[in-house]
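# Examining the three-dimensional arrangement
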Amino acid sequence: MEENKHWIFSKVNAENKFSKNSIEAIHLESCPQNGDNCKAHRAVINECLKNSFDCLLDSQYEKSINELKTAFEKTLDMEHETCAKCAELFRLRITASLEQIQGELQQMTTGFFKSSRHKPSLEYATTVINELKGKV
């Protein structure tokens, strides 16, 4: 599996953004099964990541979080023994994306230019992160 080290799931750092034109956010570099066991799972996960990023750019934070949650839950369905390592990496990337959203929402709800309109989204992000970390 190849993971782009410069990929940042962030609205603030838009110049480093996940490409809207990208077909796969996560793709396999080397797999003993040639990706056959997880092809359907990866397709759903990649679609959720893309949808989540699009929602994030449109400031639809809760929808973005829900897409990441769906992607995370799909990784839990990857039952083949050979897929366990990739599934764990997918979960780490998804969790990091959720934490990035949470951090940006935290910044928007604190400080001099704070806005309380993002507080429900921040609370939801925190709840989802805690819920997903409890599933692993």
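These numbers were taken from a predicted model, which means no experiment stands behind them.

### Let's talk about the overall build of the protein chain
When helices and strands are counted, the protein chain shows 4 helices and 0 strands. Written out in order from the N terminus, the α and β elements of the protein chain read α-α-α-α. Here the protein chain, with 136 residues, has 39% of them falling under the buried criterion. When contacts within the protein chain are restricted to residue pairs at least 6 apart in sequence, those whose partners lie at least 24 apart make up 66%. With an accessible surface of roughly 7,900 Å², the protein chain has 48% of that area assigned to carbon and sulfur atoms.

### Remarks on the confidence of the model for the protein chain
In this model, the protein chain carries an average pLDDT of 83, and 80% of its residues clear a pLDDT of 70 or more. In this model, residues 1-7 is a region of pLDDT below 50 whose contacts with residues beyond four sequence positions or in other chains number 16 contacts.

### Here we look at helix α4 (residues 119-135)
Under the 1.5 Å per step criterion, the end-to-end length of α4 is 25 Å for 17 residues, consistent within 8% with the ideal 24 Å. Taken as a whole, α4 has its buried residues at Ser-121, Leu-122, Ala-125, Val-128, Ile-129 and Leu-132. Down the axis of α4, the smallest arc covering the buried residues is 130°, so these residues share one side. Residues of α4 that are exposed and point more than 90 degrees away from the buried face comprise Asn-130 and Gly-134. Buried-residue contacts for α4 involve α2 (61-75) and α3 (84-108).

### What to know about the nonpolar core
One finds Ile-45, Met-78, Phe-90, Ile-94, Leu-98 and Ile-101 to be the most contacted residues of the largest nonpolar core, which totals 28 residues. Secondary-structure elements contributing two or more residues to this core are α1 (39-57), α2, α3 and α4. When residues in this core are grouped by element, the largest group, 7 residues, is from α3. Apart from residues lying up to four places away in sequence, Ile-94 is in contact with Ile-45, Leu-49, Leu-68, Ala-71, Phe-72 and Thr-75.

### Observations regarding unusual backbone geometry
Most peptide bonds are trans, and most residues other than glycine sit at a negative phi. For Ser-59, which is not glycine, the phi dihedral falls at a positive 60°. Take Ser-59: it is sitting in the loop between α1 and α2.

Scoring rules and cut-offs
Residues numbered from 1 in each chain as written. Predicted model: local features only at pLDDT ≥ 70, side-chain atom pairs only at ≥ 80, totals over all residues. Heavy atoms only, no water. Helix = DSSP H or I, 4+ residues; strand = E, 2+ residues; numbered from the N terminus. Buried < 20%, exposed > 50% of the residue type's maximum accessible area, 1.4 Å probe, protein only. Contact = heavy atoms within 4.5 Å. Areas by Shrake-Rupley, 256 points an atom, 1.4 Å probe, with all protein chains shown as cover. pLDDT = per-residue confidence, 0-100. Expected span 1.5 Å × (residues − 1). Arc of directions from axis to C-beta. Core = buried A, V, L, I, M, F, W, Y, C linked by side-chain atoms within 4.5 Å.

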